[in-house]
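Understanding the architecture of this molecule
Residues per chain are reported as follows:
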Amino acid sequence: MRVPLRDTAAVAAGVLAPFVAALALLPLRTSVTHTNLALLLVVVVVAVSALGNRLAAALAALSAAAWFDFFATEPYQSFHIQGRADVETAVLLLVVGLIVSQPAAYGRTMKRVAVADATHLERLHGTSRLTRSGGSSADVVSRVRQELVDVLELRSCRFEYGTLIGRPPRLDPDGSVQVEGWVWDLERQGWPEGEIELRALVHGRYQGRFLLTPAPGSVPPPLEARLVAADLAAQAAAVLDEDAVSAARRS
């Protein structure tokens, strides 16, 4: 499974940031109490956890405790601690770092979820407003194409009218991906190769399909985004179906 760049950066920061901070605090280790040095390292742990990555937050707490031991306690440049007070401070640094980092990481995650939900809702409402304002089916299809590129982080997307040709991988309304009749493990295997179809269906009637081209090496979006994509395709299908019904009545 591909790891998002943001998560990789957060983990790297969790390991390296406390080390860099401990080095920067070296000139203060003889003039500032060990408790205050530990508190300064806790600040670094909280800053790393604000990236929203729990693993990074835990690594930052462990790294902070280790480098506090190595640089700030005697014997210096050793992971051995002689003084009981220093042992207690190092343990408290680890415990406090773990405790305060998790709510910060959780809060950041919840903020991202809330922003993503609001964005998804606006995508659906925006398409609905275009439909209600009398936008043509071509306009709606064009808008949905662009929304799909954004919500699924695609390289490109095109719409194909007419009958189904071939059997490309398919993104279903439940957010799963089918490849030759089998459910594709999207989280573990990433996007399948080639274009992926997202059918525009309404009331069981096929109106066409969106053909999705993921960006090379991109990480598949979460289930929520894939469900929004399916709803967007259904909105386009509804408008196309209305056009087809109107055309049939006129003929």
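Let me sum up the structure you'll find in this document. Remember, predicted model here, so these are calculated numbers, not experimental data.

A contiguous nonpolar surface patch, about 210 Å² in accessible area, is contributed by V87, V91 and V95. Structurally, the position occupied by V91 is in helix α4 (residues 84–132).

A few words on the pattern of salt bridges. Within this structure, the stated rule accounts for 10 salt bridges. As a salt-bridge pair, R158 and E195 come within 2.9 Å of each other at their nearest N and O atoms. Linking R158 in strand β1 (residues 154–160) with E195 in the loop between α6 (186–189) and β5 (196–202), this pair joins segments that are 37 residues apart in sequence. We classify R158 as partly exposed; its relative accessible area is 38%. Note on E195: relative accessible area 29%, which makes it partly exposed. Residues joined by salt bridges that share partners form a network here, namely R158, E160, E195, E197, R199 and R209.

A few words now on the pairing of strand β6 (residues 205–214). Among the 10 residues that make up β6, 8 are buried, leaving the element largely enclosed by the rest of the structure. By the bridge criterion, 6 bridges tie β1 to β6 in an arrangement that is antiparallel. Bridging from a neighbouring strand, C157 pairs with L212 of β6. In this sheet, β6 lies alongside β5 in antiparallel orientation, the contact comprising 7 bridges. The partner of L201 across the bridge, within β6, is Y206. Here β5 folds back onto β6 in antiparallel fashion, the turn holding 2 residues, of which H203 has a positive phi close to 55°.

The biggest cluster of nonpolar side chains holds 31 residues, and the ones touching the most others in it are L148, L152, L171, L198, F210 and L212. Those elements giving two or more residues to this core turn out to be α5 (137–151), β1, β3 (177–179), β5, β6 and α7 (223–250). With 9 residues, α7 is the largest single contributor of residues to this core. Apart from the residues within four sequence positions on either side, L148 is in contact with E153, L154, C157, L198, F210, L212, A229 and L232. Of all hydrophobic cores here, the second largest spans 20 residues; its members include A64, F68, A72 and I81.

Moving on to the packing of helix α2 (residues 34–49) against helix α3 (residues 54–72). One can describe the packing of α2 onto α3 by two numbers: an axis separation of 9 Å at closest approach and a directional angle of 155°. Considered as vectors, α2 and α3 are oriented roughly antiparallel to each other. Read as a crossing pair, α2 and α3 show a hand that is right-handed. Here α2 contributes H34, L37, A38, L41, V45, V48 and S49 to the contact with α3, which in turn contributes A56, A57, A60, A61, A64, F68 and A72. Of the residues belonging to the contact of α2 with α3, the class tally is 12 nonpolar, 2 polar and no charged.

Right, let's talk about α5 for a bit. With 15 residues, α5 should cover 21 Å at 1.5 Å per step; its first-to-last C-alpha distance of 21 Å lies within 8% of that length. Within α5, burial applies to S137, V140, V141, V144, E147, L148, V149 and V151. Phi for E153, located one or two positions after α5, is positive at around 55°.

Rules behind the numbers
- Along every chain, residues carry numbers that run from 1 in the direction the sequence is written.
- With pLDDT at 70 or above as the cut-off, local features in this predicted model cover only qualifying residues; side-chain atom pairs require 80 or more to be listed or tallied, and sums for whole chains, interfaces and linings still use all residues.
- Excluding hydrogens and water, the side-chain values take into account all heavy atoms of the structure.
- The patch calculation keeps residues exceeding 30% relative accessible area without a salt bridge and links them within 9 Å when they carry like charges or within 5 Å when they are nonpolar (Val, Leu, Ile, Met, Phe, Trp, Tyr).
- Residue exposure ignores everything except the shown protein chains as possible cover, and the areas themselves are Shrake-Rupley values with a 1.4 Å probe.
- Whenever Lys or Arg places a side-chain nitrogen within 4 Å of a carboxyl oxygen from Asp or Glu, that contact is recorded as a salt bridge.
- Each helix is a run of DSSP H or I of at least 4 residues and each strand a run of E of at least 2, with the numbering of both proceeding from the N terminus.
- Exposure categories follow from relative accessible area, calculated using a 1.4 Å probe and restricted to protein chains: below 20% of the type maximum is buried, above 50% is exposed, and the middle band is partly exposed.
- Being paired, for any two strands, means DSSP has found at least two bridges between them.
- Residues belong to one nonpolar core when they are buried, are Ala, Val, Leu, Ile, Met, Phe, Trp, Tyr or Cys, and are joined through side-chain atoms within 4.5 Å.
- In this description, contact between two residues means that some pair of their heavy atoms is separated by no more than 4.5 Å.
- Only the stretch in contact is used when a helix axis is fitted, and all axes are lines through C-alpha atoms; the angle between N-to-C directions ranges over 0 to 180 degrees.
- For classification purposes, an angle smaller than 35 degrees is called roughly parallel, one larger than 145 roughly antiparallel, one from 65 to 115 roughly perpendicular, and anything else oblique.
- Here is the rule for handedness: rotate from the far helix to the near one, and if that takes an anticlockwise turn smaller than a right angle the crossing is left-handed, while a clockwise turn gives right-handed.
- For this classification, the nonpolar set comprises Ala, Val, Leu, Ile, Met, Phe, Trp, Tyr, Cys and Pro, the charged set comprises Asp, Glu, Lys and Arg, and every other residue, Gly included, is treated as polar.
- Here a helix's expected span is defined as the number of its residues, less one, multiplied by 1.5 Å.

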